[in-house]
There are 2 protein chains.
Amino acid sequence: MRTVTVGLGARAYPIHIGEGLLARADLILPHLPQRKVSVITNSTVAALYLDKFSAALRGAGVEIVPVVLPDGEEHKNWQTLNAIFDALLSNRCERKSAIIALGGGVVGDLAGFAAASYQRGVPFIQVPTTLLAQVDSSVGGKTAINHPLGKNMIGAFYQPRMVLADTAMLDTLPARELSAGLAEVIKYGLIMDLPFLGWLEANIGKLNERDPAALAYAVTRSCENKAAVVAADERETGERALLNLGHTFGHAIETGLGFGTWLHGEAVAAGTMLAARLSERMGLLTHAEVRRMADLFVRAGLPVEAPSLGQDRYLELMGHDKKVENGKLRLVLLQSLGKAYMTSDFDLRDLREVLAGTAAHV
Amino acid sequence: MRTVTVGLGARAYPIHIGEGLLARADLILPHLPQRKVSVITNSTVAALYLDKFSAALRGAGVEIVPVVLPDGEEHKNWQTLNAIFDALLSNRCERKSAIIALGGGVVGDLAGFAAASYQRGVPFIQVPTTLLAQVDSSVGGKTAINHPLGKNMIGAFYQPRMVLADTAMLDTLPARELSAGLAEVIKYGLIMDLPFLGWLEANIGKLNERDPAALAYAVTRSCENKAAVVAADERETGERALLNLGHTFGHAIETGLGFGTWLHGEAVAAGTMLAARLSERMGLLTHAEVRRMADLFVRAGLPVEAPSLGQDRYLELMGHDKKVENGKLRLVLLQSLGKAYMTSDFDLRDLREVLAGTAAHV
């Protein structure tokens, strides 16, 4: 087991990473103020892991209130959130009853926002079951639901008390979900960790084959990068925004196609390629570097061409981005491989060209 | 103008209290990170004050996005909250666009929770228009919506950047609303400020007649008391719970009768009398003291008899209270006039007697 700490002073918390941690109730117990918890999961994860996880906690004398949600990004909305509140209230969960998210990014975001809001805040623990959740969404306290007009528009910054990432659970992950998680892993290399990008290029085959040591390393290195950024800028007043490379484009893709059509990681990969092409137009990246990025995404099983929603629709959707300031779009672009920056200083014609002609560029 | 400060370190904020402050855009401007704000209000308040308030801000170059909600506690739910999010998104309000609550407790709670959640948190300002909001709900950062199973069950602790209490607005307040606000004013006297209780008994006539000096004093003294409690215990881990005298009973009344049937302050008054009668049964208050309390509430135009929902229904509703811990109800009771405490150490038979036989006690 490896442990990464998110350094947030009195609210610092551990990310435990390792095989078989799901059964380690001893790691969870110290973070429970009360021996009653609600475990929020989805139907897919419940079938695989809910019994095992619950048994471990029950064995330690913990009463479990299971809440099983439908699976998929299209359910990350108010209706599902309300179903959680209904379950918590009718089962008389209290202010000291912790909420545990057992699932991927959608479950974590929903359960986290429920934990932030139920009785104005209850203890929260993340048990991420997908690669994407283990390397990104379970760490850092961003919780949210979607709105028809925009992704993650309603939510809270609400940190968990611990994150328990059992890498053995990645064995049951569908290939498409594994790829989606790799999009966020590759992101860390691109924005801040060039050596890691090199490691990923050398080891993408092992990751695709789910080599346990390679996965454990990728998860740990990703969490170390994320923890450092979150500790420095918890509420995204500055550098944390760099973690959103490809996300302004990606959220537009997810919202434009309808939530759940593309997986978040798929939209991020294609969106990152759009950001890369804009960076190329601005003379920041060479064509060879953009190709290098595309090669890695393709090897990870990810799309590098964004769907053609139309330039105007893209711009309209991107105009709802949380980074918009005084009506001006701000984008995370690449200054070089391994170094991202945020800017509103780009030429709209360049952006339109990128949105118009993706197919020609790779 | 008097100013009370809520001492929360880097998040400390002022409560400005005085006549005619509604037009003082100069007091608001320093707290706006951007010259675009959303003003959330209800149809009743909008008819009286929205134009005047908007004009003052527009005169200072601020773009206003007005959001007018239906009036009443029965609308403090997620449907109305969603209507706010729809308006904010379709008008492209950003992370730095502040939200201003112009209204009473319902508007403040809704707008505050919207501010806490929209884009994971935007700047928030309270302009309370009712006595209840000026003396209690606009101060301290509690925001929430109701759930069919319980009052204020979903929300956030989210502090405003300033509170602007224009006491001249109390002139247009319906008498019933004025009385409801007095319930929370009297509460401060009962839980922590015996001299203020004496002042209220001497000046209740002036308050009923809306004597400006008396109202200004009552608002200021109430805010001073609340600010001291909030500064010491922002997230209600201890003494802040004492502000909930009468509220466990009161919330049961509001939920049991249906939100909006009784005003919150009315339910608090009747609920406080139930707490007083339980305190009397436990030998903490004399019968004369309980009568003294009832006299003051009656003179303030408030109910002192709770509706008969039935003992079991009361206990069921009270079991959803946020102060319940390990299934055990905790109540705020009076140790003496001017001193409240929280306890789970009471006899259920005494509580049942109080719930069963209110009419006999005063």
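## Quick look at the packing of aromatic side chains
Tallying each qualifying case throughout the model produces 9 aromatic pairs over all chains. With a centroid separation of 5.8 Å and an interplanar angle of 15°, the aromatic rings of A:Trp78 and B:Trp78 are classed as stacked. Of the two residues, A:Trp78 is situated in helix H3 (residues 78–90) and B:Trp78 in helix H3 (residues 78–90); the pairing between them involves two chains. Exposure remark for B:Trp78: the relative accessible area of 24% places this residue in the partly exposed category. Ring plane angle 50° and centroid distance 4.6 Å describe the contact between A:Trp199 and A:Tyr217, whose orientation is recorded as tilted. Of the two residues, A:Trp199 is situated in helix H7 (residues 194–208) and A:Tyr217 in helix H8 (residues 212–232); the sequence distance between them amounts to 18 residues. For A:Tyr217, a relative accessible area of 25% corresponds to the partly exposed category. Through a chain of ring-to-ring contacts, three or more aromatic side chains come together here, namely A:Phe196, A:Trp199 and A:Tyr217. A cation over an aromatic ring shows up here: B:Arg120 above the ring of A:Phe157, its NZ or CZ 5.9 Å from the ring centre.

## Observations regarding the domain arrangement of chain A
Much of the literature gives interface size as the accessible area that the parts lose upon coming together. All names here are of chain A. Segmentation of chain A into domains returns domain 1 (2–172) and domain 2 (194–360). Here the C-alpha centroids of domain 1 and domain 2 sit 26 Å apart. Between domain 1 and domain 2, the contact holds 34 residues from the first and 30 residues from the second. On inspection of domain 1 and its partner domain 2, the count reaches 4 salt bridges. The shortest N-O distance in the salt bridge between Lys151 and Glu254 comes to 2.8 Å. The interface formed by domain 1 and domain 2 includes 10 residue pairs in polar contact (both at pLDDT 80 or more). Of all the secondary-structure elements, those providing two or more residues to the side of domain 1 that touches domain 2 are strand S1 (2–6), strand S2 (13–18), helix H5 (131–137), strand S7 (142–147) and strand S8 (150–157). Taken together, the residues of the side of domain 1 that touches domain 2 sort by class into 14 nonpolar, 11 polar and 9 charged.

## Focus on the relation of the copies chain A and chain B
Mapping chain A onto chain B calls for a screw motion: a turn of 180° about the axis and a shift of 0.0 Å along it, with 0.0 Å RMSD after fitting. This pairing of chains is accounted for by a two-fold axis. Relative to the rotation axis, the closest C-alpha in chain A is found at A:Trp78, a distance of 4.1 Å. Counting the interface residues of chain A, we find that 97% of their copies in chain B are interface residues as well, pointing to one common contact surface.

## Re the sheet that holds strand S3 (residues 36–42) of chain B
Residue and element names in this part refer to chain B. Strands sit in the order S1-S2-S9-S6-S5-S3-S4 across an open sheet of 7 strands; the sheet is mixed. Two strands lie at the open edges of the sheet, namely strand S1 (2–6) and strand S4 (63–69), each paired on one side alone. Mean inter-strand twist for the sheet, computed between neighbouring axes without regard to direction, equals 20°. In this structure, S1 lies alongside strand S2 (residues 13–18), joined through 5 bridges in antiparallel fashion. Across the sheet, Thr3 pairs through a bridge with His16, a residue of S2. Running over the sheet, H3 touches S3, S4 and strand S5 (98–103) and is turned about 155° from S4.

## Notes on the interface of chain A and chain B
Taken together, the 39 residues of chain A in the interface contact 39 residues of chain B. Across the interface of chain A and chain B, roughly 3,700 Å² is buried in total on both sides, 50% from carbon and sulfur atoms. The interface formed by chain A and chain B includes 4 salt bridges. In this assembly, chain A and chain B are joined by 23 residue pairs in polar contact (both at pLDDT 80 or more). At the level of secondary structure, the elements contributing two or more residues to the side of chain A that touches chain B comprise H3, helix H4 (105–117), S7 and S8 of chain A.

## Some remarks on the pattern of salt bridges
Side-chain pairing between opposite charges can occur once the charged atoms of the two side chains come close. Tallied over the entire structure, the rule returns 46 salt bridges over all chains. Between B:Glu236 and A:Arg95 there is a salt bridge; the shortest N-O distance is 3.4 Å. Highlighted residues: B:Glu236 in the loop between helix H8 (212–232) and helix H9 (247–257) and A:Arg95 in the loop between H3 and strand S5 (98–103), drawn from two different chains. Using a relative accessible area of 15% as the deciding quantity, one classes A:Arg95 as buried. With its nearest N and O atoms 2.9 Å apart, the salt bridge here joins B:Lys187 to B:Glu184. Residue B:Lys187 and its partner B:Glu184 are both found in helix H6 (residues 175–192); the two are separated by 3 residues, about one turn of the helix.

## Concerning the pairing of strand S9 (residues 162–166) of chain A
Residues and elements named next belong to chain A. Burial runs high along S9: 5 of the 5 residues are buried. Pairing of S2 with S9 involves 4 bridges; the strand directions are parallel. Its bridge partner being in S9, Ile17 is matched across the sheet by Ala165. Direction of pairing for strand S6 (residues 124–128) relative to S9: parallel, over a ladder of 2 bridges. Directly across from Ile125, in S9, lies its bridge partner Met162.

## Some points on H9(B)
Residue and element names in this part refer to chain B. When you tally the buried positions in H9, you get 9 out of 11 residues, the bulk of the element. Where H9 is concerned, the buried positions are His247, Thr248, Phe249, Gly250, His251, Ala252, Ile253, Glu254 and Thr255. Buried residues belonging to H9 abut strand S8 (150–157), H6, helix H10 (264–281), helix H12 (311–318), strand S10 (331–336) and helix H13 (348–356).

## Notes on the packing of H9(B) against H12(B)
Residues and elements named next belong to chain B. Direction vectors running N to C along H9 and H12 enclose 110°, while the axes themselves pass 9 Å from each other. By the angle between their directions, the pair H9 and H12 is classed as roughly perpendicular. Along its contact with H9, which presents Thr248, Phe249, Ala252, Ile253, Thr255 and Gly256, the element H12 presents Arg313, Tyr314, Leu317 and Met318. For the contact of H9 with H12, the per-class residue count stands at 6 nonpolar, 3 polar and 1 charged.

## What about the sheet that holds strand S3 (residues 36–42) of chain A?
Residue and element names in this part refer to chain A. Across the sheet, 7 strands lie side by side as S1-S2-S9-S6-S5-S3-S4; this open sheet has mixed pairing. Two strands lie at the open edges of the sheet, namely S1 and strand S4 (63–69), each paired on one side alone. Taking the axes of each pair of neighbouring strands and ignoring which way they run, one obtains an average angle of 20° across the sheet. Packed onto the sheet, H3 meets S3, S4 and S5 and runs at close to 155° relative to S4. Contacting S3, S4, S5 and S6, H4 runs over the sheet at an angle of about 170° to S5.

## Quick notes on the environment of B:Met273
Structurally, B:Met273 is set in helix H10. When the C-alpha atoms of B:Met273 and B:Val67 are compared, they prove to be 37 Å apart, with 206 residues separating the residues in sequence.

## Here we look at unusual backbone geometry
Although it is not a glycine, A:Gln119 sits at a positive phi angle of roughly 50°. Here A:Gln119 lies in the loop between H4 and S6.

Rules of the game
Residues numbered from 1 in each chain as written. Chains lettered and ligands numbered in written order. Predicted model: local features only at pLDDT ≥ 70, side-chain atom pairs only at ≥ 80, totals over all residues. Heavy atoms only, no water. Phe/Tyr/Trp six-rings, centres within 6.5 Å; stacked < 30°, edge-to-face > 60°. Helix = DSSP H or I, 4+ residues; strand = E, 2+ residues; numbered from the N terminus. Buried < 20%, exposed > 50% of the residue type's maximum accessible area, 1.4 Å probe, protein only. Lys NZ or Arg CZ within 6 Å of the ring centre and 35° of its normal. Domains from an automatic or database assignment. Contact = heavy atoms within 4.5 Å. Salt bridge = Lys/Arg side-chain N within 4 Å of Asp/Glu carboxyl O. Polar contact = N/O pair within 3.5 Å; in protein donor to acceptor, adjacent residues only side chain to side chain. Nonpolar A, V, L, I, M, F, W, Y, C, P; charged D, E, K, R; others polar. Least-squares fit on C-alpha atoms with pLDDT ≥ 70 in both. Pairing = 2+ DSSP bridges. Axes fitted to C-alpha atoms, helices over the stretch in contact; angles between N-to-C directions. Buried area = accessible area lost by both parts, 1.4 Å probe. Parallel < 35°, antiparallel > 145°, perpendicular 65-115°, else oblique.

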